[in-house]
Amino acid sequence: MKADFIQALDEIGKEKGISKEILIEAIEAALISAYKRNFGSSQNVEVVIDNTTGDVKVYAQKDVVEQVEDELLEISLEDAKEIDNRYSIGDVINIEVTPKNFGRIAAQTAKQVVVQRIREAERDIIYGDFINRENEIVTGIIQKLNNNVLVDLGKTEGILLPAEQIPNETYNHNDRIKAYIIEVKKTSKGPQILLSRSHPGLVKRLFELEVPEIQEGIVDIFSISREAGSRTKIAVYSNNENVDPVGACVGQNGTRVKAVVDELNGEKIDIVNWSKDPSVFIANSLSPAKVLDVQINEDEKSASIIVPDYQLSLAIGKEGQNARLAAKLTGWKIDIKSETQYNDESSEEIEE
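Residues numbered from 1 in each chain as written. Predicted model: local features only at pLDDT ≥ 70, side-chain atom pairs only at ≥ 80, totals over all residues. Heavy atoms only, no water.

**A short note on the pattern of salt bridges**
Line of reasoning, step 1. Per the counting criterion, the structure on display carries 14 salt bridges.
Line of reasoning, step 2. Here R86 and D84 are joined by a salt bridge, their closest N and O atoms 2.9 Å apart.
Line of reasoning, step 3. Among the residues examined, D84 registers a relative accessible area of 22% and is labelled partly exposed.
Line of reasoning, step 4. Between R197 and E263 there is a salt bridge, and its shortest N-O distance comes to 3.0 Å. One end of the pair, R197, is in the loop between strand 9 (190-196) and helix 5 (200-210); the other, E263, is in helix 8 (residues 255-263), and 66 residues separate them in sequence.
Line of reasoning, step 5. Owing to a relative accessible area of 22%, E263 belongs among the partly exposed residues under this scheme. (Salt bridge = Lys/Arg side-chain N within 4 Å of Asp/Glu carboxyl O. Buried < 20%, exposed > 50% of the residue type's maximum accessible area, 1.4 Å probe, protein only. Helix = DSSP H or I, 4+ residues; strand = E, 2+ residues; numbered from the N terminus.)

Take a look at the structure:
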């Protein structure tokens, strides 16, 4: 290696954010392995690179002893004093053993190490960028399709696993897609960006993008429950009594909620008012059904809901979906009864 190589290391270090000293240390460590691999030595060796000239030298390290038992690892005090009279028992002496053709091996090894370190540095930069974007939305281009969908995010790829895909959603090559970053993992092959289209957080972030009042902190999202591809319920409240939180999320002529629905390919979204009064919140959560009465059991955190007879199927929803999402949204167990059912049960209790 030559001085121009050391200069190149300086430039690479500045460009990639890796110090020249770290690169040289890595090259020296790799050269020790290369020396032992190519020259079959079991000696303790040290490789030193002059960080000005680029000269590479290999030294065998030997312990100074009274009586030599292993010539590869030890040197007698008498022989050591012939090199330098200042050596004494217990010192370690470096004896140069640089092979004649080691420069070629050193150059090849150095190139491999630098390329590897640059790759690692770039991976670390990407990891550092994306680890701070967990629970955020990214936009990418679909690149590869199989069970897993690979999404080009610019500097790296994200992966959309089957469990994080929206059921029955179609993913086409080169389509632009928004996804939610659920986790960033550091692996030997670089950062792995795990994406989701089914996570409730995606809905939250989409509303934050579309509703200025949420960005400004005037309207807050209390909770979200979602069955991806089918229906989502979102509970909101306002920090300003003059701002209607539901109206802000719906937007004029429904433009804001429509933008979110379109991004989710037609997924239905119910936006309801949160209330600190559980009875009111639970009644709101069953929208679009109308509720006559809510009976709360604080100890069991359960609620009995009475609805008009004609609203029962709407309150429960297809295959129980509306009731299920309302329970997830509020965190309360919900039992829904029609007005007739409730009256019949009350009459039976009175008769007993």
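From this point, the narrative continues.
**Brief notes about unusual backbone geometry**
Line of reasoning, step 1. In this chain, S287 is followed by P288 through a cis amide linkage whose omega measures 15°.
Line of reasoning, step 2. By secondary structure assignment, the location of P288 is in the loop between helix 9 (278-285) and strand 13 (293-297).
Line of reasoning, step 3. Phi angles above zero are rare outside glycine, and N135 is one such case at about 70°.
Line of reasoning, step 4. Along the chain, N135 turns up in the loop between helix 4 (102-131) and strand 5 (137-145).
Line of reasoning, step 5. Residue class for N135 comes out partly exposed when judged on its relative accessible area of 36%.
Line of reasoning, step 6. Positive phi is not limited to glycine here, since K301 has a value of about 45°.
Line of reasoning, step 7. Following the sequence through the fold, K301 ends up in the loop between strand 13 and strand 14 (302-307).

**Some thoughts on the packing of aromatic side chains**
Line of reasoning, step 1. Tallied over the full model, the rule gives four aromatic pairs.
Line of reasoning, step 2. With a centroid separation of 6.0 Å and an interplanar angle of 80°, the aromatic rings of Y35 and F102 are classed as edge-to-face. Here F102 lies in helix 4 and Y35 lies in helix 2 (residues 20-39), a separation of 67 residues in the sequence. Each member of the pair, Y35 as well as F102, is classed as buried.
Line of reasoning, step 3. Here F222 and W274 contribute two aromatic rings whose centre-to-centre distance is 4.9 Å and whose plane-to-plane angle is 25°, an arrangement assigned as stacked. Here F222, found in strand 10 (residues 219-227), pairs with W274, found in the loop between strand 12 (268-273) and helix 9; they are 52 residues apart in sequence, far enough to count as distant.
Line of reasoning, step 4. Members of the aromatic cluster, connected to one another through ring pairs, are F222, Y237, W274 and F281.
Line of reasoning, step 5. Sitting over the ring of Y127, K186 keeps its end group 4.9 Å from the ring centre. (Phe/Tyr/Trp six-rings, centres within 6.5 Å; stacked < 30°, edge-to-face > 60°. Lys NZ or Arg CZ within 6 Å of the ring centre and 35° of its normal.)

**A look at the sheet that holds strand 15 (residues 333-338)**
Line of reasoning, step 1. If you walk across this open sheet you meet the three strands as 13-14-15, and the pairing is mixed. Each edge of the open sheet is held by one strand with a lone partner, namely strand 13 and strand 15. Adjacent strand axes in the sheet meet at a mean angle of 20° when their direction is disregarded.
Line of reasoning, step 2. Across five bridges, strand 13 lies against strand 14 in antiparallel orientation. The residue bridging I296 from the neighbouring strand is A303, located in strand 14. (Pairing = 2+ DSSP bridges. Axes fitted to C-alpha atoms, helices over the stretch in contact; angles between N-to-C directions.)

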